[in-house]
Amino acid sequence: MKENELPLILRLEKARNELRYALNQTAGKYELPGFLLDLIIEALLSEEKGQRIALMSEQISAADGKEEKEHGHREDLSQ
């Protein structure tokens, strides 16, 4: 059975374990204390959230632009 054919819960658990292993390897390799790894992880998560928000914003803008072209103008929903 291929990895991507496993049930979602097993794939999530495997991914989580691999990430944990990679973090432990990195901490040992660079001799970093756990609190610094926590800060790195939080920074990475923040960057990912920012990128997702930017992507969603672009998609919304693209959808709004398409809607304007289809209808000739955009309705002002704030009124």
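Just above, that's the structure.
One structure accompanies this document, and this report is about it. (Residues numbered from 1 in each chain as written. Predicted model: local features only at pLDDT ≥ 70, side-chain atom pairs only at ≥ 80, totals over all residues. Heavy atoms only, no water.)

Here we look at the overall build of the protein chain
Each helix and strand counted, the protein chain has two helices and zero strands in total. Counting the 79 residues in the protein chain, one finds 4% classified as buried. Accessible surface computed for the protein chain: about 7,500 Å², of which carbon and sulfur atoms make up 57%. (Helix = DSSP H or I, 4+ residues; strand = E, 2+ residues; numbered from the N terminus. Buried < 20%, exposed > 50% of the residue type's maximum accessible area, 1.4 Å probe, protein only. Areas by Shrake-Rupley, 256 points an atom, 1.4 Å probe, with all protein chains shown as cover.)

Comments concerning helix 1 (residues 8-30)
Taking 1.5 Å per residue as the helical rise, helix 1 with its 23 residues ought to reach 33 Å, and the 33 Å between its terminal C-alpha atoms agrees with that figure. Among the residues trailing helix 1, Glu 31 stands out with phi positive, at a value near 50°. (Expected span 1.5 Å × (residues − 1).)

Things to note about a nonpolar patch on the surface
Residues Leu 8, Ile 9, Leu 10 and Leu 12 make up a contiguous nonpolar surface patch of roughly 420 Å² in combined accessible area. Within the secondary structure layout, Ile 9 lies in helix 1. Given a relative accessible area of 63%, Ile 9 falls into the exposed group. (Patch = residues over 30% accessible without salt bridge, like charges linked within 9 Å, V, L, I, M, F, W, Y side chains within 5 Å. Salt bridge = Lys/Arg side-chain N within 4 Å of Asp/Glu carboxyl O.)

A few points about unusual backbone geometry
Unlike most non-glycine residues, Glu 31 shows phi in positive territory, near 50°. With respect to the element layout, Glu 31 can be found in the loop between helix 1 and helix 2 (34-71). Take Glu 31: its relative accessible area is 73%, and that puts it in the exposed class.

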